[in-house]
Amino acid sequence: MDKILIQGGIALDGEVHISGAKNAALPILAATLLSSEIHRLKNVPHLGDITTLKRLLEKIGAEISEKDDYCEIQVKHIKNNEAPYSWVKTMRATILVLGPLLARCGEAHVSLPGGCAIGARPIQLHLMGLEKMGAEITIEHGIIHAKAAKLKGAAIYLETPTVTGTETLMMAAALAEGTTTIENAACEPEIGDLANFLNHCGAQIIGAGTDHIVINGVSALSGASYEVMPDRIEAGTFMLAAAITKGDLHLKNCRPADMISIIEKCRATGSEIRVEKDALRVLGKEIHAVDLKTLPYPGLPTDMQAQFMALMSVSDGASVITETIFESRFNHCAELRRMGADIRVEGKHAMIKGVPRLSAAPIMASDLRASASLILAGLVAEGETEIRRIYHLDRGYEAIEQKLTDVGAVIQRVKGKA
Ligand code: EPU
């Protein structure tokens, strides 16, 4: 298996081009199933998770071709309305095909995702919403069987604001008969991006990106040309790379308006952040200890928690990080401790006492954002850090070694045996 080697101690300096958002591109790709016409998608990042979904869409019937700067995709016919376990276990976001398949062909058979490294990750709210829209749902032998000759608009209340749940229901409702309302919908900007894409295809969705979404179903959707929004978590990760190395990074092609909580928290730790149009300049200075708590958008994203943990590991004091979204998203703590971090975890809280320096060690990535946090730690540790299981990283960060190398990091991937 490949590993990454990082030489710590270099202040990063230069420009980073932020890629398209993984968590917007995934639902948008799934939504192409809703129409038989051609879609042209720009700014789709080249990532492991995106490739997985594209291959599944091909099995379902999509024809996909990669052009110079866009991806063309058309699903003339649904050949196969199944997503078996072999796909869902590779990437749980494949569940995003459930709503569109059901809406497009009245039937879908999708393996029920299990838990993953960061928590149990139930999807009962996705299923409850589809049932409210008239779907008949059964689960047998680990497979969700969903049927509905025609989905009907419904009033849906989500007990917890779920991101992929809101997306699933929005996609299904786009082709339902009548009006669907989703109350306590998740407000993440990626949901707004999916709705924009669907509206470009002729859907009638109002309020996506707020907790009250109204979808007036239409009888058919067209194809669309669309550019996926920038990745706010990738931008946030590079922001913290500047902060932790006390460097100076200019992040191009990001959307600061979607990143207020990340910007404000990073500022509170001592970095200077200049907000520009579609860009951010981050100048790392002192690293002060601050408490932080993950929350649904517009709160601090859980997808930034591990990276902030790396930063707090070398802060000037004590901080408490509270994870409120996923119950076991602290896997990176044990690895950071191997590098000399002083972290104690109790339930959903991690108590971190900043140390003057981290020291390089062989460490192991456990999930996508944990990998990013270990990279950040490696960038400031004394010596050469070796990170294993980096396939997690490749699922969500496009060309990360190249981007870091371009701004001065000494980082290399060593190919290993499969
Ligand atoms: N939840 C329920 N019931 C449900 C669905 C969710 O109780 O039916 C709970 C979850 O247990 C969790 C909370 O709701 O406590 C939020 O989970 P959500 O469903 O919003 O997460 P998700 O849709 O599975 C997406 C992102 C994650 C990101 C979370 C939270 C995608 C493809 N994935 O997951 O991204 O952490 O929202 O923002 O959009 C990542 O990119 O590394 C990643 C894990």
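In the block above lies the structure referred to throughout.
Remember, predicted model here, so these are calculated numbers, not experimental data. (Residues numbered from 1 in each chain as written. Predicted model: local features only at pLDDT ≥ 70, side-chain atom pairs only at ≥ 80, totals over all residues. Heavy atoms only, no water.)

Enquirer: Would you explain the side chain of His392 in this entry?
Expert: When you line up the elements, His392 lands in helix α13 (residues 391-396). Among the polar contacts listed, one links the side chain of His392 to the backbone oxygen of Ser366, at a separation of 3.4 Å. In this structure, His392 is in contact with Ala365, Ser366, Asp367, Leu368 and Ser371, ignoring residues within four places of it in sequence. (Helix = DSSP H or I, 4+ residues; strand = E, 2+ residues; numbered from the N terminus. Polar contact = N/O pair within 3.5 Å; in protein donor to acceptor, adjacent residues only side chain to side chain. Contact = heavy atoms within 4.5 Å.)

Enquirer: Is there a simple way to explain the packing of aromatic side chains in this structure?
Expert: We describe a pair of aromatic rings using the distance from one ring centre to the other and the angle between the two ring planes. For the coordinates displayed, the defined rule picks out one aromatic pair. A centroid spacing of 5.7 Å and a plane angle of 65° characterise the contact between Phe197 and Tyr226, whose relative ring orientation is edge-to-face. With Phe197 in helix α7 (residues 189-200) and Tyr226 in strand β14 (residues 225-227), this residue pair connects regions lying 29 residues apart in the sequence. No difference in accessibility class separates Phe197 from Tyr226, as the two residues are buried. (Phe/Tyr/Trp six-rings, centres within 6.5 Å; stacked < 30°, edge-to-face > 60°. Buried < 20%, exposed > 50% of the residue type's maximum accessible area, 1.4 Å probe, protein only.)

Enquirer: I would appreciate a short explanation of the sheet that holds strand β4 (residues 63-66) in the present structure.
Expert: What links the strands of a sheet is backbone hydrogen bonding, and the strands pair in either a parallel or an antiparallel sense. Strand order across the open sheet formed by four strands is β4-β5-β3-β14, with mixed pairing between neighbours. With partners counted over all chains shown, the strands left at the sheet margins are β4 and β14, one partner each. Put simply, the sheet's adjacent strands are angled 20° from each other on average, direction ignored. Taken together, the five bridges between strand β3 (residues 38-42) and strand β5 (residues 70-74) define a ladder with antiparallel strand orientation. When the bridges of β5 are listed, Leu41 appears paired with Cys71. Running over the sheet, α7 touches β3 and β14 and is turned about 165° from β14. (Pairing = 2+ DSSP bridges. Axes fitted to C-alpha atoms, helices over the stretch in contact; angles between N-to-C directions.)

Enquirer: In this structure, what is going on with the pairing of strand β15 (residues 248-252)? I would like to understand it.
Expert: Of all five residues that make up β15, four are buried, and the element is covered over most of its length. In this structure, strand β2 (residues 13-17) lies alongside β15, joined through five bridges in parallel fashion. The residue bridging Val16 from the neighbouring strand is Leu251, located in β15. Of the pairings in the sheet, the one linking β15 to strand β17 (residues 279-283) comprises five bridges and is antiparallel in character. Among the inter-strand pairings, Lys252 is bridged to a residue of β17, identified as Ala279.

Enquirer: I tried to follow unusual backbone geometry on my own but got confused; where do I start?
Expert: Note: most residues except glycine have negative phi, and most peptide bonds are trans. With an omega of 10°, the peptide bond between Tyr297 and Pro298 qualifies as cis. Within the secondary structure, Pro298 is located in the loop between β18 (292-293) and α10 (305-313). Even without a glycine there, the phi angle at Asn184 is positive, about 60°. For Asn184, the position within the fold is in the loop between β11 (179-183) and α7.

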